[in-house]
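So you can see what is in the structure, the chains are spelled out below.
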Amino acid sequence: MFDKATLGRFESLQTPFYYYDLSLLKETLEKYTKQIKKYGYHAHYALKANADERILGIIKDAGLGADCVSGNEVALALKLGFAPEKIVYAGVGKSDAEIITALKGDIFAFNCESIPEIEVINGLAASLGKVARISLRINPDIDAHTHKYISTGRAQDKFGISQWMFDSVLETINKSANIKLIGLHFHVGSQITDLSVFKLLCERIDVLQKWFTDKGVKIENLNLGGGLGIDYSDPDTAPIADFEGYFNIIAKNLKVSPGQKIHFEPGRAIVAQCGSLISRVLYVKMGKGKKFAILDAGMNDLIRPALYQASHKLQNITSSGRVLKYDVVGPICESSDRFGKNIAMPLTRRGDFVAIRSAGAYGQVMGMRYNQKDLAPQYYSE
Ligand SMILES: Cc1ncc(COP(=O)(O)O)c(C=O)c1O
């Protein structure tokens, strides 16, 4: 990923920065859309994973729609030319202003997460003289076998509507003249690498959707959300997620009724591997029985390790000296500002470049100015 010319280019740049390999992004999208077309599915890219405008342009040009979780994401998707009929909008806490943005934008569907939300959308749609299309985000009570902070489909999670509420939800919809129910939505978590979770999801969807069809409610759309994981430990051997295996499992296990449309909301699996956070080593400091490699990039630039105990491959891309062990940390005044413990890296010195790999998803978008640090800018391979 980092050839001589790329490293030469890095020399003139102020670190830390995000570096995006756009050819890998395009290759990933090609493989993804090939599967989507094969099965006649619909895809809405989850902007929350990475909302860089150049990246979004490439994703839009590949034919994907947009999955948004805020009014500003909806506005950005519309501004960049994503077709309104390909935009979906989820989130447990949509504000009135955000709902109005989406209603005025005539998006495809709100993925609704509660009865009070449906009531508010109904009222706002009525005041604008519109009918809001909604899908119900269902909480299927499935453990996605991923980090607890990115599990979203268990009964105790704040997301979605549980089965015991279905009667009241349907009652609310039936008395809401400005709401049209068009489908069911599911998203059970992120960085899911155990593909059997998706088989289980398909089985649960079948049971849950039957509840509605038994009541005479036609489910025109099923949205299975995102969640497919990537290989953080070895981003080079298989940089593109196993889309074929994933869609094969879905196609085999999901019961689809005639005319029903199937939707997905991939985020991480599209953008994670094309991005790296490039930093320089500020100091190598001796600790008790260890060496710290202190980078100029910190948790303010990439919070995943501090937030979810996530681990990214750390690569000294300057040195080729003998391999030693380092605790790789950032400059922020928090002990959780650490990218890895006991990391094997070639002899590391002040000024070396360290690449934090697989940082294209939930990296730059979560950047913050804690300690009044500057936000890391981005550069592209093209
Ligand atoms: C509703 C919704 N859809 C899709 C995604 C994208 O998930 P992922 O990046 O794991 O594919 C998320 C992220 O958690 C989400 O909250």
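Since the model is a prediction, treat every value here as computed from it, not as a measurement.

### Describing the overall build of the chain
Phase 1 of the analysis: When its secondary structure is counted, the chain shows 11 helices and 16 strands.
Phase 2 of the analysis: Over its C-alpha trace the chain gives a radius of gyration of 22 Å, about what one expects of a compact globule, namely 21 Å for 382 residues.
Phase 3 of the analysis: When its C-alpha atoms are laid out on the principal axes, the chain stretches across 70 × 40 × 40 Å.
Phase 4 of the analysis: Counting over 382 residues, the chain shows a buried share of 55%.
Phase 5 of the analysis: Here the analysis covers contacts within the chain between residues at least 6 apart in sequence; of these, 72% occur between residues at least 24 apart.
Phase 6 of the analysis: Total accessible area on the chain stands at roughly 16500 Å², and carbon and sulfur atoms take up 51% of it.
Phase 7 of the analysis: Averaging the locations of the 47 positively and 41 negatively charged side chains of the chain gives two centres separated by 4 Å.

### Section: the domain arrangement of the chain
Phase 1 of the analysis: The domain boundaries assigned to the chain delineate domain 1 (4-17 + 273-380) and domain 2 (65-265).
Phase 2 of the analysis: On the domain 2 side, the residues contacting the 11 residues of domain 1 number 11 residues.
Phase 3 of the analysis: Around 1000 Å² of area is buried between domain 1 and domain 2 when both sides are counted, 50% of it from carbon and sulfur atoms.
Phase 4 of the analysis: The three residues of domain 1 that bury the most area against domain 2 are Gln273, Tyr308 and Lys313, which together make up 50% of that side's buried surface.
Phase 5 of the analysis: In this assembly, domain 1 and domain 2 are joined by 2 salt bridges.
Phase 6 of the analysis: Of the charged contacts, one joins Asp236 and Arg357 as a salt bridge, the two residues approaching to 2.9 Å between their closest N and O atoms.
Phase 7 of the analysis: Summed over the shared surface of domain 1 and domain 2, the number is 2 residue pairs in polar contact (both at pLDDT 80 or more).
Phase 8 of the analysis: Of the residues in the side of domain 1 that touches domain 2, the class split is 3 nonpolar, 5 polar and 3 charged.

### Here we look at the nonpolar core
Phase 1 of the analysis: With 104 residues, the main nonpolar core has Phe110, Leu136, Phe212, Leu224 and Phe264 as its most contacted residues.
Phase 2 of the analysis: Ranked by the residues each element gives to this core, the list is headed by helix α8 (residues 196-214), at 8 residues.
Phase 3 of the analysis: Counting only domains with at least three residues in this core, you end up with domain 1 (4-17 + 273-380) and domain 2 (65-265).
Phase 4 of the analysis: In terms of nonpolar packing, the next biggest core, distinct from the first, is built from 9 residues, Phe10, Leu13, Ile278 and Ile317 among them.

### A few points about the environment of Glu53
Phase 1 of the analysis: Looking at the element boundaries, Glu53 is found in helix α3 (residues 53-61).
Phase 2 of the analysis: Glu53 gets classed as partly exposed once you look at its relative accessible area, which sits at 39%.
Phase 3 of the analysis: Once the C-alpha coordinates of Glu53 and Leu80 are considered, the two residues, 27 residues apart in sequence, prove to be 7.7 Å apart.
Phase 4 of the analysis: When residues no more than four places from it in sequence are discounted, the contact partners of Glu53 are Leu76, Lys79 and Leu80.

### Thoughts on helix α9 (residues 243-253)
Phase 1 of the analysis: Looking only at α9, the buried set comprises Phe243, Gly245, Tyr246, Phe247 and Ile250.
Phase 2 of the analysis: As for α9, its buried residues are in contact with α2 (22-39), α8, β9 (261-264) and α10 (268-271).

### What to know about the packing of aromatic side chains
Phase 1 of the analysis: Counted under the stated rule, the structure contains 22 aromatic pairs.
Phase 2 of the analysis: When the centroid spacing of 5.0 Å and the interplanar angle of 85 degrees are considered together, the rings of Tyr32 and Phe243 count as edge-to-face. Placement of the pair is Tyr32 in helix α2 and Phe243 in helix α9, with a sequence separation of 211 residues. Each of the two residues, Tyr32 as well as Phe243, counts as buried.
Phase 3 of the analysis: Relative to Phe247, the ring of Tyr41 lies with its centre 5.9 Å away and its plane at 45 degrees, an arrangement referred to as tilted. With Tyr41 in the loop between α2 and β2 (42-46) and Phe247 in helix α9, this pair connects stretches of sequence that are 206 residues apart.
Phase 4 of the analysis: For Phe247, a relative accessible area of 0% gives the class buried.
Phase 5 of the analysis: Among the aromatic residues, ring-to-ring pairing joins Tyr32, Tyr39, Tyr41, Phe198, Phe243, Tyr246, Phe247 and Phe264 into one connected group.
Phase 6 of the analysis: The ring of Tyr380 carries the charged tip of Arg54 above its face, separated from the ring centre by 4.6 Å.
Phase 7 of the analysis: Note that Lys215 overlies the ring of Trp211, its terminal NZ or CZ placed 4.3 Å from the centroid.

The rules behind these values
Every chain is numbered on its own, with residues counted from 1 as its sequence reads. Where local features are concerned, this predicted model is filtered to residues with pLDDT of at least 70; where side-chain atom pairs are given and counted, the filter is 80 or more; whole-chain, interface and lining totals use all residues. Side-chain measures were taken over the full set of non-hydrogen atoms in the model, leaving aside hydrogen atoms and water. Note on conventions: DSSP H or I runs of at least 4 residues are helices, E runs of at least 2 residues are strands, and numbering of each starts at the N terminus. Computation of the radius of gyration draws on C-alpha atoms, with the globule rule given as 2.2 Å multiplied by the number of residues to the power 0.38. A 1.4 Å probe rolled over the protein chains alone gives each residue an accessible area, and that area as a share of the maximum for its type sets the label: buried under 20%, exposed over 50%, partly exposed in between. By definition, residues are in contact when any of their heavy atoms lie within 4.5 Å. Only the protein chains shown count as cover for residues, with accessible areas throughout obtained via the Shrake-Rupley method and a probe of 1.4 Å. Residues scored as positive are Lys and Arg, those scored as negative are Asp and Glu, and His as well as the terminal groups of each chain are ignored. By convention, the point assigned to a charge is CZ for Arg, NZ for Lys, CD for Glu and CG for Asp. Segmentation of the chain into domains, including their bounds, is taken from an automatic or database domain assignment. Buried area is a sum: the accessible area each of two parts loses on coming together, probed at 1.4 Å, counted once for each and added. When a carboxyl oxygen of Asp or Glu lies within 4 Å of a side-chain nitrogen of Lys or Arg, that pair is called a salt bridge. Think of a polar contact as two N or O atoms within 3.5 Å of one another; within protein, one of them needs to be a possible hydrogen donor and the other a possible acceptor, and neighboring residues in sequence only count if both atoms come from side chains. Polarity classes work like this: nonpolar for Ala, Val, Leu, Ile, Met, Phe, Trp, Tyr, Cys and Pro, charged for Asp, Glu, Lys and Arg, and polar for all others, with Gly in that last group. Take the buried Ala, Val, Leu, Ile, Met, Phe, Trp, Tyr and Cys residues and link them wherever side-chain atoms come within 4.5 Å; each set so joined is a nonpolar core. When two rings of Phe, Tyr or Trp (its six-membered ring) have centres within 6.5 Å they constitute a pair, described as stacked for plane angles under 30 degrees, edge-to-face for angles over 60, and tilted for the intermediate range. Two conditions define a charge sitting above a ring: the NZ of Lys or the CZ of Arg must be within 6 Å of the ring centre, and it must be within 35 degrees of the ring normal.

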